[in-house]
Amino acid sequence: MKLARTLQLDISDENVFEKPAPSGEWAISGGFEFSNWSEAELKGKARQAFSNGWYSIESGGRASFVGVCNITDAELEQIRAALAQTFVDHYGAPDFDAAYTVACDEIDQMRAMCEDFEDNTLLMVSRTLTELGVEETYRSRAPQDASLEAFAVHGSVD
């Protein structure tokens with residue numbers, strides 16, 4: 001089973017995102033955050049997050065790159081619950097149960113995409129605002145010599 005973790009390949013995310021995600025956090029597209037936005041709200045760092053930012057489930061930060069890697073059942077359940085709680089706490093979900101269903105859908109969409117790629121593949125997202133809403137496109141870069149472990153910590157430090 002695969003998902004993706006945030007990567008900071010250089011310091012640029014520190015400069016372009018209001019809240020940059022540290023390397024190694026589980027990530028999803030995060031386009032939901034912009035579903036009710038208009039062109040007027042897309043300025044400065046918010047525009048960069050909209051245009052090219054993956055959403056970190058743990059910190060709510062943004063990253064320009066994510067890397068595909070394996071995820072365990074236990075890790076998957078942990079981030080489903082964390083994202084559901086974020087939907088309740090920050091995005092107006094009525095309760096945890098309703099939010100959990102949406103969180104599972106968001107994560108499952110990302111998992112399905114990641115299953116198509118080798119471990120350590122880099123993924124990038126691009127968004128545009130259309131009359132129909134947010135449109136996302138994805139690009140990938142095949143793994144090179146370095147493994148994801150060179151950039152992200154997997155598992156717990158405990």
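Residues numbered from 1 in each chain as written. Predicted model: local features only at pLDDT ≥ 70, side-chain atom pairs only at ≥ 80, totals over all residues. Heavy atoms only, no water.

**Considering helix α2 (residues 44-52)**
- When we look at burial in α2, the residues that qualify are Ala-49, Phe-50 and Ser-51.
- At its buried positions, α2 is contacted by β4 (62-63), β6 (122-130) and β7 (133-141). (Buried < 20%, exposed > 50% of the residue type's maximum accessible area, 1.4 Å probe, protein only. Helix = DSSP H or I, 4+ residues; strand = E, 2+ residues; numbered from the N terminus. Contact = heavy atoms within 4.5 Å.)

**As for the packing of aromatic side chains**
- By the definition in use, this model includes eight aromatic pairs.
- Summarising the aromatic geometry, the rings of Phe-34 and Trp-37 are spaced 4.9 Å apart at their centres and angled 85 degrees between planes, so their arrangement reads as edge-to-face. (Phe/Tyr/Trp six-rings, centres within 6.5 Å; stacked < 30°, edge-to-face > 60°.)

**A few points about the pattern of salt bridges**
- Counting across every chain of the model gives eight salt bridges.
- For Asp-119, the salt bridge identified is with Lys-2, shortest N-O distance 3.5 Å. With Asp-119 in the loop between α4 (96-114) and β6 and Lys-2 in strand β1 (residues 2-7), the pair connects residues that are 117 residues apart, well separated along the chain.
- The exposure class assigned to Asp-119 is partly exposed, which follows from its relative accessible area of 30%.
- Judged by relative accessible area, Lys-2 falls into the buried class, the value being 15%.
- With a shortest N-O distance of 2.8 Å, Asp-108 and Arg-111 are connected by a salt bridge. Taken together, the residues Asp-108 and Arg-111, both in helix α4 and three residues apart, mark about one turn of the helix.
- What emerges from the salt-bridge pattern is a single network uniting Glu-77, Arg-80, Asp-108 and Arg-111. (Salt bridge = Lys/Arg side-chain N within 4 Å of Asp/Glu carboxyl O.)

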